[in-house]
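An overview of the molecular structure
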Amino acid sequence: MTYLPKPKLHHPSLQRNAVGFTRRDYEGAISTLCAGCGHDSISAAIIQACWELDVQPHRVAKISGIGCSSKTPTYFLSASHGFNAVHGRMPSVLTGANLANRELMYLGISGDGDSASIGIGQFVHAIRRGVDMVYIVENNGVYGLTKGQFSATADQGSKSKKGAINTDAPVDMVGMALQLGASFVARSFSGDKTQLVPILKAAMSHKGAAFVDVLSPCVAFNNHPGSTKSYDYIREHNHALCRMDFISPRDEITVEYPPGELREVRQHDGSVLRLRKLPESHDTGDRVAAMNYLHACQARGEIVTGLLYVDAEAADLHAHLDTVPAAFNTLGERELCPGSAALAKINASLR
Amino acid sequence: MQPTDIRNPQYFHKVVDCQWACPAHTRVPEYIRLIAAGRYDDAYLLNWDSNVFPGILGRTCDRPCEPACRRGRVEESNGEKPEPVAICRLKRVAADNRSDAIETRMRQRLPERVPDAEKFRVACVGAGPASLTVARDLAPLGYRVTVFEADAKGGGFMRTQVPRFRLPEHVIDEEVGYILGLGVELVGNRRIDSLRRVLDEKYDAVFVGCGAPRGRDLHVPGRDENTDKIHVGIEWLASVYFGHVKAVGKRVIVLGGGNTAMDCCRSARRLGGEDVKVIVRSGYEEMKASPWEKEDAEHEGVVILNWLNPKSFVHEHGKLTGMWFTPMRAEHDANGKRKLLPTGEPDRLIECDEVLIAVGQENAFPWIERDLGVEFDEWGLPKLDKLTMQSTLPKVFFGGDAAFGPKNIIWSVEHGHQAAASIHNLLQQDDVRKRPPPLTNLVSQKMGIHEWSYDNEITPDQRFVVPWAPKEKTLKDIKQEVELGFDVQTAWKEAQRCLNCDVQTVFTKDICIECDACVDICPMDCITFTANGDEADLRTRLTAPALNLAQDLYVGGPVKTGRVMVKDEDVCLHCGLCAERCPTGAWDMRRFLFAESYAGRGEDYSALPAKKVAA
């Protein structure tokens, strides 16, 4: 926590991106989270990803629920739209916003409490419907705001700061997202921005429900020996699936790799996800294989991170519902109120 | 890279750019904080300890600290005009606002007397800043110091060549007075014309601080006619000081581009010169005068003409009427050495009534007999040990402009400190090369979760301008000081621009959990955790490239993942946010003390006022 605002002064060599902003322009208010909180690193990764993607801040909506994680939208993209929803209700607010204006980029910011407990039903249905969004769970396995009780993602057998052992089985949100039909599923770690930033960029460029589970240690209540969500534990058990480079449609592909060393996935918008050091056995386009891989790693006590699954050709909720291909606020009165003849026609079709 | 050894005090000393750049290593950020706190006496005494003449230097210093100041680099591409903190003018604030009790407080902080020191007699030749510094350092220890001066009063060039509109005489009187008040004997109106006779008087050590008293002349055709209208600059300035010169012609040419030329042209403007031109052989940027002195002169209507080489004086009907100049250009040879060549354009005649020649100063030691054992080099300068200022005759020391040719006041002071330490060693039969150890310390400034004992908020203010007396007034009266100095409110605001570079970011690798909080919060992108490499490689791989090779990389680690922490010191704001966001205290803000020590002060000497006053 810091009382002083971050000085506006910046490094003399700070660059501007294609839309004229520096990375500092994507920042928000100074964080009031505990010093060393993983969530702040995720905010920094979002800032970096948006700057690198030349995102126009006013074309982003950040929507969150309640909790430490859900406070963080204040700390990045201060020029974007924001909505701080009721506990666990971020997914339905986001779904509604997305239906009304499909032209914005939606960042759903949530935590393990907000999404795996009170909001689990909401989470399930937003993923299942294929809402075009980046759903980020800042996962620390603990209720930080209420002083460190186990959350639903805490591993069985892990120890709380006070010494209690968790006896409940954990909710595995990555497994659920895969099973529920998310078209982009990844897991990362707040302490590894070289992995997290390309994943966020890929997720932001993905059309469809992108789910990113980010392990984010709670320094105040869950960073002790016996925790399975501490910096040390995650670093020791991290099994990075592959190295991913995100190549935007504008970028020139310069480095050539010998065949077999990498796999490339081209997304809807022309961006390319280049996966390096991917095990032979793993196919990121195969949902069943991804689920098997996830569970196999879990059984070995490893935390698999990286891009697990992507369906580059996925369709989203708007495609499913065949909605009008424009934001409602761009439609005129004639389109929004087609008149009594049109109403009569609809009514007739229901008789 | 190897992890940085922060136990070597020179590492953090270098981070304090201003202090590092100051020849006397004045603790700049500390005195700026004292000024901000309204503790003007303490700020003055801190300066006095290091540079002996805070009031004089606060007006006339060449300020090597300011081009070095980190604030100037930090403001690059952050505002309209990047500017360093007005360090020099803040020093003057301390002098302007010191209390009447300053001499009493000064005495409370003097070092202990050395037993039997009064047995030793030290002679200083010339009462300029170098000699006076030797006297200031040695007299409190008990040595009997006699200063010989050709003029009636002490001060040397500070009194006779620096014009009164830049440096009022009372400031010199006061600060020379403090030194004489320590029991130093000043023998005025006594020009030393023989070193042999001084040595015959059985002084135990002799310090030569006679300056570089000879102005370089310009021998071009016509120089020998109308010599009452053609003057050597420094001699003319002295004549102005003594009142021998009260007026100058309407059209004046000043030859030369150094600070003496600036003093000449500005003095000429005040003595009746209406059309005053400074004419320089080389380009504007290459002129030796400080940028602010050039600005001040131009502000007063002085015209600076560059790339003109004086060719001859023109006299008509027995009167000086002008000078011929040859247009020049610069050419760099294969070795990058610059040569001035005529452009081939026709010569230019510039009319004038009077000419001041300010093309440099020379050392002259006609009064030192060459058979005494004091050796001189091919340029006529004494052969010296650069550390001790000792000549080839062990009991004779040199300092100031007399040592290595013309420099400036602050260098003279530093030479004086070093010579005094050497003289003390010599008299105590110690190794002359031994230097008194500096006082160093590194203390955490943390007072609470968000509380530091220094003001870590960074002000966005641009440099404040020192108010001037109106031009109509200053150009009429040569004794009217031009700069009026900051008032205390503006001084406080200017003091807030200081980044407190002596409050160091100190990294402890063993407790770092690599959460990246410091990397994320740092406004200047100074911090990176990465795989180790050699310096050239690391400099390209940081969060922001470290392009300023004059600034060090602080390497800490390795941390648990095997990476190293690399901090580029270049544009760090010392805002402490890395330490505030650090959950484990692996970053801490610690105030670094580096106080030069002077003659006779051992390891137990404390330059900190508190201890001395409490005792």
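Note that the structure is a prediction, hence the values are computed from the model and not measured. (Residues numbered from 1 in each chain as written. Chains lettered and ligands numbered in written order. Predicted model: local features only at pLDDT ≥ 70, side-chain atom pairs only at ≥ 80, totals over all residues.)

Moving on to the overall build of chain A. Tallying secondary structure elements over chain A gives twelve helices and 13 strands in all. Computed over the C-alpha atoms, the radius of gyration of chain A is 21 Å, within 12% of the 20 Å expected from 2.2 N^0.38 for a compact globule of 351 residues. C-alpha atoms of chain A, sized along the principal axes, occupy 70 × 50 × 50 Å. Across the 351 residues that make up chain A, the buried fraction comes to 47%. Excluding contacts between residues fewer than 6 apart, the proportion of contacts in chain A whose partners are at least 24 apart in sequence is 72%. (Helix = DSSP H or I, 4+ residues; strand = E, 2+ residues; numbered from the N terminus. Rg over C-alpha atoms; globule rule 2.2 N^0.38 Å. Buried ≥ 20, exposed ≤ 12 C-beta atoms within 10 Å, placed from the backbone. Contact = placed C-beta atoms within 7 Å.)

Okay, the confidence of the model for chain B next. Residue and element names in this part refer to chain B. Within chain B, residue pLDDT values average 93, and 98% of them lie at 70 or more. In the model of chain B, helix H24 (residues 609-614) stands out as the element of lowest mean pLDDT, 40, in contrast to helix H10 (residues 129-138), which has the highest, 98. The low-confidence segment residues 606-615, where pLDDT is below 50, has twelve contacts with residues more than four positions distant or belonging to other chains. Model confidence for the complex: the whole-complex pTM is 0.90, and ipTM, which rates the interface, is 0.91. (pLDDT = per-residue confidence, 0-100.)

The next thing to look at is the domain arrangement of chain B. All names here are of chain B. Here chain B is described as being made up of domain 1 (110-213 + 363-427) and domain 2 (215-360). For domain 1 versus domain 2, the separation of C-alpha centres amounts to 32 Å. Tallying the contact residues gives five residues for domain 1 and eight residues for domain 2. Looking at the side of domain 1 that touches domain 2, its residues break down into three nonpolar, two polar and no charged. (Domains from an automatic or database assignment. Nonpolar A, V, L, I, M, F, W, Y, C, P; charged D, E, K, R; others polar.)

In this section: the interface of chain A and chain B. Of the residues lining the interface, 23 residues belong to chain A; the matching set on chain B comes to 30 residues. Elements supplying a minimum of two residues to the side of chain A that touches chain B: helix H1 (38-52) and helix H8 (231-237) of chain A. Ranked by residues supplied to the side of chain A that touches chain B, first place goes to H1 of chain A with four residues. The class makeup of the residues in the side of chain A that touches chain B is ten nonpolar, eight polar and five charged.

Bringing helix H8 (residues 87-96) of chain B into the picture now. Among the ten residues that make up H8 of chain B, nine are buried, leaving the element largely enclosed by the rest of the structure. Within H8 of chain B the residues assigned to the buried category are Ile-87, Cys-88, Arg-89, Leu-90, Lys-91, Arg-92, Val-93, Ala-94 and Ala-95 of chain B.

All names here are of chain B. The strand order across the open sheet formed by three strands is S17-S24-S20, and the pairing between neighbours is antiparallel. At either margin of the open sheet sits one strand with a lone partner, and together these are strand S17 (439-444) and strand S20 (503-507). Between one strand and the next, the sheet's axes are offset by a mean angle of 35°, whatever the strand orientation. Two elements, S17 and strand S24 (residues 587-595), share six bridges in a ladder whose sense is antiparallel. The residue of S24 that forms the bridge with Ser-444 is Arg-590. (Pairing = 2+ DSSP bridges. Axes fitted to C-alpha atoms, helices over the stretch in contact; angles between N-to-C directions.)

All names here are of chain B. Taken N-terminus to C-terminus, the directions of helix H4 (residues 40-51) and H8 make an angle of 120°; their axes are 8 Å apart at the nearest point. Taken together, the axis directions place H4 and H8 in an arrangement best described as oblique. Note that H4 runs across H8; the crossing there is left-handed. Between H4 and H8, the residues in contact are Tyr-40, Ala-43, Tyr-44 and Asn-47 and Lys-91, Ala-94 and Ala-95, respectively. (Parallel < 35°, antiparallel > 145°, perpendicular 65-115°, else oblique. Left-handed = near helix turned anticlockwise from the far one by under 90°.)

Our next topic: the nonpolar core. Formed by 223 residues in total, the largest nonpolar core has its most connected members in Val-185 and Leu-307 of chain A together with Ile-35, Leu-138 and Phe-207 of chain B. Counting residues per element, this core draws most heavily on helix H18 (residues 409-427) of chain B, which supplies ten residues. Core analysis: the next-biggest nonpolar cluster, separate from the first, contains 37 residues, Ile-230, Met-287, Leu-320 and Met-328 of chain B among them. (Core = buried A, V, L, I, M, F, W, Y, C linked by C-beta atoms within 7 Å.)

Residues and elements named next belong to chain A. The contact between helix H6 (residues 173-180) and helix H9 (residues 287-299) brings their axes to 10 Å, and the two run at 165°. Considering the angle they form, H6 stands roughly antiparallel to H9. In the crossing of H6 with H9, the sense of the turn from one axis to the other is left-handed. Within the contact between the two elements, H6 uses Val-174, Gly-175, Leu-178 and Gln-179 and H9 uses Arg-287, Ala-290, Met-291 and Leu-294. Broken down by class, the residue content of the contact of H6 with H9 amounts to five nonpolar, two polar and one charged.

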